[in-house]
Each structure stands twice: as C-alpha cells, then as structure tokens.
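Reading the structure
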Amino acid sequence: MNSTSPHILLVNPWIHDFAAYDFWAKPLGLLLVAAHLRRHGLHVSYIDCLDRFHPQSGSRNPAARHGRGPYLKTEISKPAGLSHVPRRFSRYGIPPEWFQADLAALSRPDLIMVTSLMTYWYPGVQETIAAIRAVFPDSPVILGGIYATLCHDHAVSFSGADDVFTGSDLSRLPEIIAGHTGYSFDWETDPNRPDTWPKPAFDLQHKIGYIPILTTIGCPFDCTYCAVHHLHPGFSRRPPAAVVAEIEFWHHRHDVDDFVFYDDALLVDFDNHARLIFEKVLQARLNVRFHLPNAVHIREISEDSARLMRRAGITTVRLGLETADFAHREQLDRKVNETEYHHAVTGLKQAGFSKKQLGAYLLAGLPGQSIESVERAIRVVRQSGITPILAHYTPIPHTAMWEAARAASPYDIAADPVFTNNAIFPCRREGFSWETYSRLKQLVIS
Ligand code: B12
C-alpha cells in the first residue's frame, strides 16, 4: 500500500417511478463493495438516497420504525414519452436538500461510487449524479450495478458518470481506484471467491431493520426472461458455515430478526447447500425469520425440505411459477412441471405454512401472452390453495426474450430504458388495457 488512504463515498441513488416501496430492498452489491474497500484500509462514507431512517425524517415518516415500509416521495414530472400514463410519477427517497446537506458535511471524496438497480430507474441515477456534481465538481464518479451492466452504452452516454463499471468482477477495482486516486493496493482476498467475502457493510446504514443475505452467486438455469446469467456468469456457493456465522453476527450484535435471501438459486441442489444452512440455523437455536421475496425453485421443495424450512424460521415463501401453461413451458424456462408444482405446494401446506405465507409469482404481460393465459394461471394457483402474485414482465437487455419483447412493444425499448418499466406493460397487446389489468387484480384478491 502507498501513502494516505483515499476517501471513497458510496451512494445509493434515488428512484424515479410510478411506485416504489422498501419491500426488503437494500443495495447489497454497493455495501459489499464498501466492505471490500474497508477491509483494504480505504476510508469509506455512505449516503443512501432511499434512507427511510434519515435523522431528519423524524415524524415525517412514522412507518420508518419498522423493517419494511414506504419511502419518502416527491411528485415530479413524468419522463418524456410517458406523459400518457394515468398515474403520478415521483422521486422516491430523501428530499434533495437533505442529500445536498449530507454531501456538504463530508470532506471532499477522492472518488465517488454510485450503484444502480432497475434499468428503468436510470433517471434517478442521473439526478443523483448531477446533485453530487453540484457539490463535488472535481471528484470522479464511477457508476456500477445492474443498470450500468445491462445498459452499458446508455449509461456511458446518459448517466453523467466519469466511468461505467460493468459486471460483478471486482478484481479490476484496485486498478480503477489507482487510476482515479493514485492509491494502489492489492486484493488480500479474491473478490471473485465468495468464500472469502467480508460481510456487506450494512453497519453504514442509519438503522438496520433487516439484513439481505446472499448464499449463492448466479444461477444454473438460463430462463428466457431473466438476465442473471449476464449479470453473474457461472454459479458458485458460499460455505454454509460462513452464511450462518453472518446471520448470527447481525442477530446477536445488531438485534436483527429478519433476514432476506437475495439468491437467484437458493434451493438448487438442496441437500448440498440450503439443507446445510437451515440445519445449522436450527443447531444455533436462532429465533429469526427468513423471507424469500425473490422466487425460489419449486422443484426442490418436498414435504421433507418444506418441514426443515419451516422449522428454521422461513416465514415468507415466494415460488417462481411464472405460468401455468405447462405444455408450452419450455419456450419460457425449464424450471418446473405441473406435478412438481403440486407436489411442492402439498409439501409446504403439510409442513404447516399458511396460505398467506405462500405465494406463487405469475408473469403478466409477456410478449404474445394472452389474457386468458394469465387468468388460467391465477385459477391454477388459487385452486392449489396458495396466493397468486402478479409480476409484470419487464423486458431486459441481454436476455433471450429481448428481441421478441422489442418486436412486441409499441415503445422503442432499445432506445430508452424508461420504456421497459413494467408499470406500463411494455409489451402489452391489443386488449391488455388498464381495465383488463384491474380485472386480473380482482381475480387475484377475490
Ligand atoms: C434481490 C433482488 C430483488 C429484491 C430487491 C433488491 C433490491 N436491492 O432492491 C426484490 C425481491 C424486492 C426484487 C424485486 C424486483 N426485481 Co429484482 N432482483 C434481485 C436480484 C436477485 C439480486 C440483486 C442483488 O442484490 N444482487 C447481488 C449483488 C451482490 O449484485 P449487484 O447489485 O449486481 O452488485 C455487484 C456488481 O453489480 C457490483 N456493483 C454494484 N454496484 C456497484 C457500484 C460500483 C461503483 C461498482 C464499481 C460496482 C458495483 O458489485 C457487486 C459485486 O458482485 C437480481 C438478480 C441479480 N442476480 O442481480 C434481480 C433483478 C435486479 N430484479 C429484476 C426484476 C425484474 C425485479 C422486479 C421488477 C420483478 C417483478 N416483475 O416484480 C421487482 C421490482 C422491484 C421494485 N420495483 O422495487 C431484474 C432487473 C430488471 C431490470 N429491468 O433492471 C433482475 C436483474 C432479475 C432478472 N429478472 O433478470 N428484486
């Protein structure tokens, strides 16, 4: 290492959207980067534009006491091309004055790292970077994360960042940091070996309401609508003992009771991974709750695995069913067949999970999908005795379905990612109107 350690500011940007809610959503990737940097002696500070527990929020956000909850929001005008959508559009997160004051209270950062999530949230990233520039015009800004990776060229042209980092291979970071700050260091651990990862730096938050946990990286499936194989190529797993040690740390040291798995393939090869984690959780007698808002693979669930999941504290289960058109399923993915679905649901119910705890995600608005197909799927899930949850399809670059989505969409989704916002049903067909959607929603709740 050389000379004094640089100051790196990490920023989680605002969201611009028709709706947004802190539904177990935290910038795990950015806080993992923070942890790596801290471990190597760099001085890090952090501002979360989505902070629901900002010291200034006081009585403005009474719901901020709990783990999940609404973000603060300010209505703003809709992006060009979306003015016809009959819904309000907002900036979600802290007011710009608070952000500006938080920035101004810091010493000038040598480098600023901004993350990004949904591709169609890039206007929030642009506004965040512009606000940073107004306070620190001379600090270089690097953008990384999901939008940066999936829409690299767009981000280079429009985000306002000096550098756009794509992918999840952090081994290039020392070179990038040296290029911007002149400070050089070598990785003491391999950032691409998840067994050597530090705990993501959630302690930088004002409050830790819950902790996202990542136990696997990537996914062995290659579903046509999903970009995970592009974002995280390959499939690797963290040692179960390290995962449980992380859970114990946050539970015992920070009183955290709710843990949220961010894995794309948590249950895959159950006996050699998730089973070992859940058994260790039981042995450690941890009285905690686990949530699976990011759907799990149904095929892995039997009565036996379901019982273990329930005993270990799994409280919310979301199944990645996507469609009930089992006969034509291979056009979409190869995750599950009809028998496996019913076997899993029976096992979960026998293990004692309630209807409310069990939800199956169904994709709505796929290119070429009929309304009847969505209705049928809702009926299949309801008849199986669990809760259907509609997930609006969002077209994602670098997926097999992208070209079909482009062809089906009335919007130029390749030119501007705001048109991939699933709130506008980017690929809706004739007849798939807001009224139809309300009818489908009624079918889900009635
Ligand atoms: C967990 C998760 C969620 C969580 C919340 C996540 C959150 N933080 O808010 C929940 C379950 C709520 C969720 C919901 C949805 N999600 Co989601 N989700 C994910 C998932 C599985 C993991 C994200 C993650 O944390 N990964 C782990 C971290 C470590 O990776 P990372 O953030 O990329 O960070 C790495 C690098 O990018 C880098 N990095 C990150 N930032 C920075 C910054 C700098 C400067 C640098 C140098 C590096 C760097 O460092 C990390 C190193 O590994 C991803 C798939 C995936 N594997 O990425 C989908 C994904 C992001 N979701 C997706 C979708 C479609 C959705 C939904 C729209 C689904 C639906 N139809 O309802 C909803 C919408 C949510 C909303 N409106 O709020 C899509 C993205 C679509 C898009 N257009 O962008 C993804 C990619 C999955 C897919 N289908 O392909 N999701």
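Here the structure is a predicted model, which is why all the values come from computation and not from measurement.

A separate point is the packing of helix α8 (residues 240-254) against helix α9 (residues 274-283). Packing of α8 against α9 brings their axes to within 9 Å, and their N-to-C directions diverge by 45°. As summarised for this structure, α8 and α9 are arranged oblique, according to the angle between their axes. Along this stretch, α8 crosses α9, giving a crossing that reads as right-handed. Between α8, through P240, A241, V243 and V244, and α9, the contact on the second element is made entirely by L276, I277, K280 and V281. Of the residues that constitute the contact of α8 with α9, the class distribution is seven nonpolar, no polar and one charged.

On to the domain arrangement of the chain. For the chain, the assigned domains are domain 1 (7-181) and domain 2 (210-445). Each of domain 1 and domain 2 was reduced to a C-alpha centroid, and the two centroids are 26 Å apart. On the side of domain 2, 29 residues touch domain 1, which itself brings 28 residues to the contact. Together domain 1 and domain 2 conceal approximately 2400 Å² of surface at their shared face, both sides included; 70% is due to carbon and sulfur atoms. Three residues stand out in domain 1 for area buried against domain 2, namely W24, Y120 and L150, and they jointly supply 33% of the buried area on that side.

In this section: the site of the ligand. Every one of the 38 residues lining the ligand counts as a neighbour, but K26, T115, T119, A227 and D264 are closest to it. Residue H392 places a main-chain N or O atom 3.1 Å away from a nitrogen atom belonging to the ligand. Listed by contribution, the elements that provide at least two residues to the shell around the ligand are α1 (28-39), β6 (111-114), α7 (228-231), β13 (289-296) and β16 (387-392). Among the elements that line the shell around the ligand, the one with the most residues is α1, at three residues. A class-by-class count of the residues in the shell around the ligand yields 24 nonpolar, 12 polar and two charged. Mapping the shell around the ligand onto the domain boundaries places at least three of its residues in each of domain 1 (7-181) and domain 2 (210-445).

Rules used in this analysis
Residues numbered from 1 in each chain as written. Predicted model: local features only at pLDDT ≥ 70, side-chain atom pairs only at ≥ 80, totals over all residues. Heavy atoms only, no water. Axes fitted to C-alpha atoms, helices over the stretch in contact; angles between N-to-C directions. Helix = DSSP H or I, 4+ residues; strand = E, 2+ residues; numbered from the N terminus. Parallel < 35°, antiparallel > 145°, perpendicular 65-115°, else oblique. Left-handed = near helix turned anticlockwise from the far one by under 90°. Contact = heavy atoms within 4.5 Å. Nonpolar A, V, L, I, M, F, W, Y, C, P; charged D, E, K, R; others polar. Domains from an automatic or database assignment. Buried area = accessible area lost by both parts, 1.4 Å probe. Near = heavy atom within 4 Å. Polar contact = N/O pair within 3.5 Å; in protein donor to acceptor, adjacent residues only side chain to side chain.

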